Amino acid sequence: MGALRLPSLSLLRPTFLPLRRLPPLSVGRATTHSLAKEAEAVTAGDGKASVSPSQQENSVTPRSVDFSAWYLDVIANAELADYGPVRGTMVIRPYGYAIWEAIQDYLNVKFKETGHSNMYFPQFIPYSFIEKEASHVEGFSPELAVVTIGGGKELEEKLVVRPTSETIVNHMFTQWIHSYRDLPLMVNQWANVTRWEMRTKPFVRTLEFLWQEGHTAHATFEEAEKEALQMINIYKDFAYEHAAIPVITGRKSKVETFAGAACTYTIEAMMGDKRALQAGTSHNLGQNFSRAFGTQFMDENGYRQHVWQTSWAISTRFVGGIIMTHGDDTGLMLPPRIAPIQVVIVPIWKKSDERTSILEAVATVQNILKEAGIRVKVDDSEQRTPGWKYNFWEMKGVPLRIEIGPRDVTNKSVVVSRRDVPGKPGKEFGVSMEASTLVNHVKIRLEEIQAALLQRAISFRDSNIVDVNSYGELKEAIAEGKWARGPWSASDAEELKVKEETSATIRCFPFEQPEGEKKCFMTGKPAEEVAIFAKSY
């Protein structure tokens, strides 16, 4: 049998930020000596284990020392992802994928509630499709992965590995849309995308990533605009209500608008290092693609019209946003509404004759919480100490931990610890095991954590946005790592000058605008809107 022939990809080699490869359970990188101290910390009185900082080595680089190294350490230690064999790709591990599934679960419901249907388009797109819309091919050409050989033969036409699907969607829409009765046509697909990024970062920017992309066709501009705004608001609601990320919603500048779109709306999030993350976008495509592909319909008066379109997307980049918004030096910190595991139960015993009664109590508590719809996991492995387990599940960002030891069984109670409040202030002793009391207590605490994470992120964001009235003030704010907000009506060339001189870009013109007269801080001319500038990922 001859050698297996694979399609060739004419691609560039990217630069990849090195992931700090750590042992599989490096959150437990404590030495044997320190683990022995953990064991000694289990007291006979209540079966609780405590570990002092001196008894365990730091498992992640502190955020304040090196934010990028901290981010990569958390991804490795929390078992979210690892690098694939092709430079610039990543393998999303089960726990990381479970977070993505939580995002999917929420959005799928919202998409269907608003009249969209899921479907799937091929990932191989004829190169000629990309060339049909001039600004689209110009915008994406440097990032394209192109297949030139298939089945051992050179292809008659090069194929692009899907960077986005507007072109192939329009090809199909042209075959499906004939009359105004066929509109609106509203679909969504969950798919992978390939963009040949030159500098990559797990979840935030990789050669291949996962996303959903919605595509709609409408009879009028007004309908398309309403759709584009509706979808960016769905993203905003998800960010606030489930991810506890206080995004700023607004319109992109012309320079930052999606290639081929008439207008792009965005949700912008402030990360823990104060850089901006474009967390989701919604585009009013106008008639740019429908004219390029001849996507037309017969209106009610018998005239042929080009459809008006939108597209909108959120990707696995949002997982990176959750990490960088809420994580701390202990590791990941997940909002309860999207946490794959909301409660972890750690049984603790010192004597063998305590094991059975404790595990029976653990099983009872687990069943009570499961029946109440709470996502719960029991860590009853006997190869690790309780202290090691505490650190491991804190690293993975589980919102609540329940500890059950000998004294707790006797008292028919548990100890509840909050991930977002470290140490003794976050611990509650003597919480009753009685079903209704326990369920009520846990649900209240989960909602408190959800609200606390959002409020913490809002406070951080608002304290790091500076209002500016001159270009000098903008430069100063950006140099301090903050976001700058000020009136803007300057030209595209002046916007590019700001980017060249400060590395900051216009993140958006926020929907919420201050009242009163404004003067552009760059030109001194009247301005209708304020813009937000920031360095970004």
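Calculation notes
Residues numbered from 1 in each chain as written. Predicted model: local features only at pLDDT ≥ 70, side-chain atom pairs only at ≥ 80, totals over all residues. Heavy atoms only, no water. Helix = DSSP H or I, 4+ residues; strand = E, 2+ residues; numbered from the N terminus. Buried < 20%, exposed > 50% of the residue type's maximum accessible area, 1.4 Å probe, protein only. Areas by Shrake-Rupley, 256 points an atom, 1.4 Å probe, with all protein chains shown as cover. Pairing = 2+ DSSP bridges. Core = buried A, V, L, I, M, F, W, Y, C linked by side-chain atoms within 4.5 Å. Contact = heavy atoms within 4.5 Å. Polar contact = N/O pair within 3.5 Å; in protein donor to acceptor, adjacent residues only side chain to side chain. Axes fitted to C-alpha atoms, helices over the stretch in contact; angles between N-to-C directions. Left-handed = near helix turned anticlockwise from the far one by under 90°. Nonpolar A, V, L, I, M, F, W, Y, C, P; charged D, E, K, R; others polar. Phe/Tyr/Trp six-rings, centres within 6.5 Å; stacked < 30°, edge-to-face > 60°. Salt bridge = Lys/Arg side-chain N within 4 Å of Asp/Glu carboxyl O.

A. Region of interest: the overall build of the protein chain. Assigned secondary structure in the protein chain consists of 15 helices and 26 strands. Here the protein chain holds 537 residues, and the buried ones make up 55% of them. Only carbon and sulfur atoms are counted for the fraction: they give 51% of the accessible area of the protein chain, which is about 23,900 Å².

B. Representation of the pairing of strand β7 (residues 145-150) within the structure. Where β7 meets strand β8 (residues 153-161), five bridges bridge the pair, whose relative direction is antiparallel. Bridge pairing links Val 146 to Val 160 in β8. Taken together, β7 and the strand that follows it, β8, pair antiparallel across an intervening segment of two residues, in which Gly 151 is found at a positive phi of about 65°.

C. Region of interest: the nonpolar core. Counting 59 residues, the largest nonpolar core has Tyr 71, Leu 80, Leu 107, Phe 203, Phe 318, Ile 323 and Leu 332 as the members making the most contacts within it. If one sorts the elements of this core by residue count, helix α3 (residues 94-113) sits on top with eight residues. Setting aside anything within four residues of it in sequence, one finds Phe 203 in contact with Tyr 71, Ile 75, Leu 80, Ala 81, Met 90, Ile 92, Thr 316, Arg 317, Val 319, Gly 320 and Ile 323. Listed in part, the 28 residues of the second largest apolar core include Met 333, Ile 374, Val 414 and Leu 454.

D. Quick look at helix α2 (residues 67-77). Of all eleven residues in α2, ten are buried; the element is thus mostly enclosed. When we look at burial in α2, the residues that qualify are Phe 67, Ala 69, Trp 70, Tyr 71, Leu 72, Asp 73, Val 74, Ile 75, Ala 76 and Asn 77. The inward-facing, buried residues of α2 contact β3 (81-83), α9 (317-326) and α11 (386-395). Two or three places before Ser 68, at the start of α2, stands the capping residue Asp 66, its side-chain oxygen 3.2 Å from that residue's backbone nitrogen. Downstream of α2 by a residue or two, Glu 79 has a phi angle that is positive, lying close to 60°.

E. Molecular detail of the pairing of strand β21 (residues 413-418). By the criterion of burial, β21 is predominantly enclosed, with six of the six residues buried. Here β21 shows a buried face lined by Ser 413, Val 415 and Ser 417 and a second buried face lined by Val 414, Val 416 and Arg 418. Where strand β20 (residues 400-404) lies against β21, four bridges are found, and the strand directions are antiparallel. Within the sheet, the bridge partner assigned to Glu 403 lies in β21 and is Val 415.

F. Spotlight on the sheet that holds strand β12 (residues 248-251). Within the open sheet, the eleven strands sit side by side as β5-β9-β11-β17-β14-β13-β12-β25-β26-β24-β23. Their pairing is mixed. The two strands at the open ends of the sheet, each matched to only one other strand, are β5 (117-118) and β23 (465-467). Helix-sheet contacts for α9 involve β13 (263-270), β14 (276-286) and β17 (308-315), and the interaxial angle to β14 is about 145°.

G. Examining the environment of Ile 338 more closely. Among the structural elements, Ile 338 can be located in the loop between α9 and β18 (343-347). Overall, the relative accessible area of 1% leaves Ile 338 in the buried class. Note: C-alpha distance between Ile 338 and Ala 102 (236 residues apart in sequence) is 5.5 Å. The residues contacting Ile 338, other than those within four sequence positions of it, are Ala 102, Phe 238, His 242, Ala 243, Ile 322 and Arg 375.

H. Local environment of the environment of Ile 125. Residue position: Ile 125 is located in strand β6 (residues 124-126). Classification of Ile 125 as buried rests on a relative accessible area of 0%. Remark: the alpha-carbon pair of Ile 125 and Thr 167, spanning 42 residues in sequence, is separated by 8.1 Å.

I. Broad picture of the sheet that holds β21. Read from one edge of the open sheet, five strands run β19-β18-β20-β21-β22, paired in mixed fashion. A single partner strand is all that each edge strand has here, and the edge strands are β19 (376-378) and β22 (427-432). In this sheet, neighbouring strand axes are inclined to one another by 25° on average, regardless of whether the strands run parallel or antiparallel. Direction of pairing for β18 relative to β19: parallel, over a ladder of three bridges. If you follow Val 344 over to β19, its bridge partner there is Lys 377. Across the sheet, helix α10 (residues 355-371) is in contact with β18, β19, β20 and β21; its angle to β18 comes to roughly 170°.

J. Representation of the packing of α10 against helix α13 (residues 435-462) in the model. Orientation of α10 relative to α13, taken along the N-to-C sense of each, is 65°, at an axis distance of 10 Å. The way α10 lies across α13 gives a crossing that is right-handed. Of the residues in α13, those in contact with Val 365, Ile 368 and Leu 369 of α10 are Ala 435, Leu 438, Val 439 and Val 442. Of the residues contributing to the contact of α10 with α13, the split by class is seven nonpolar, no polar and no charged.

K. Expanded view of the packing of aromatic side chains. All chains considered together, the criterion is met by 17 aromatic pairs. Consider the rings of Phe 392 and Trp 393, whose centres lie 5.0 Å apart with planes at 75°: the pair is edge-to-face. Of the residues examined, Phe 392 reaches a relative accessible area of 7% and is grouped as buried. The class of Trp 393 is buried, set by a relative accessible area of 7%. Of the aromatic side chains, those joined through ring pairs into one cluster are Trp 100, Phe 111, Trp 190 and Trp 312.

L. Representation of the side chain of Thr 249 within the structure. Residue position: Thr 249 is located in strand β12. On the basis of relative accessible area, Thr 249 is assigned to the buried category, the value being 9%. Look past the residues within four positions of Thr 249 in its chain and what remains in contact with it is Ile 232, Lys 236, Thr 266, Ile 267, Pro 510 and Phe 511.

M. A look at the pattern of salt bridges. On inspection of all chains with the given rule, the structure shows 21 salt bridges. In this structure, Lys 252 engages Glu 268 in a salt bridge whose closest nitrogen and oxygen atoms are separated by 2.9 Å. Of the two residues, Lys 252 sits in the loop between β12 and β13 while Glu 268 sits in strand β13, which places them 16 residues apart along the sequence. Accessibility classification places Lys 252 together with Glu 268 in one group, the buried group. The partner of Glu 448 in a salt bridge is Arg 418, with the nearest N and O atoms 3.2 Å apart. Separated by 30 residues along the polypeptide, Glu 448 in helix α13 and Arg 418 in strand β21 bring together distant segments of the chain.

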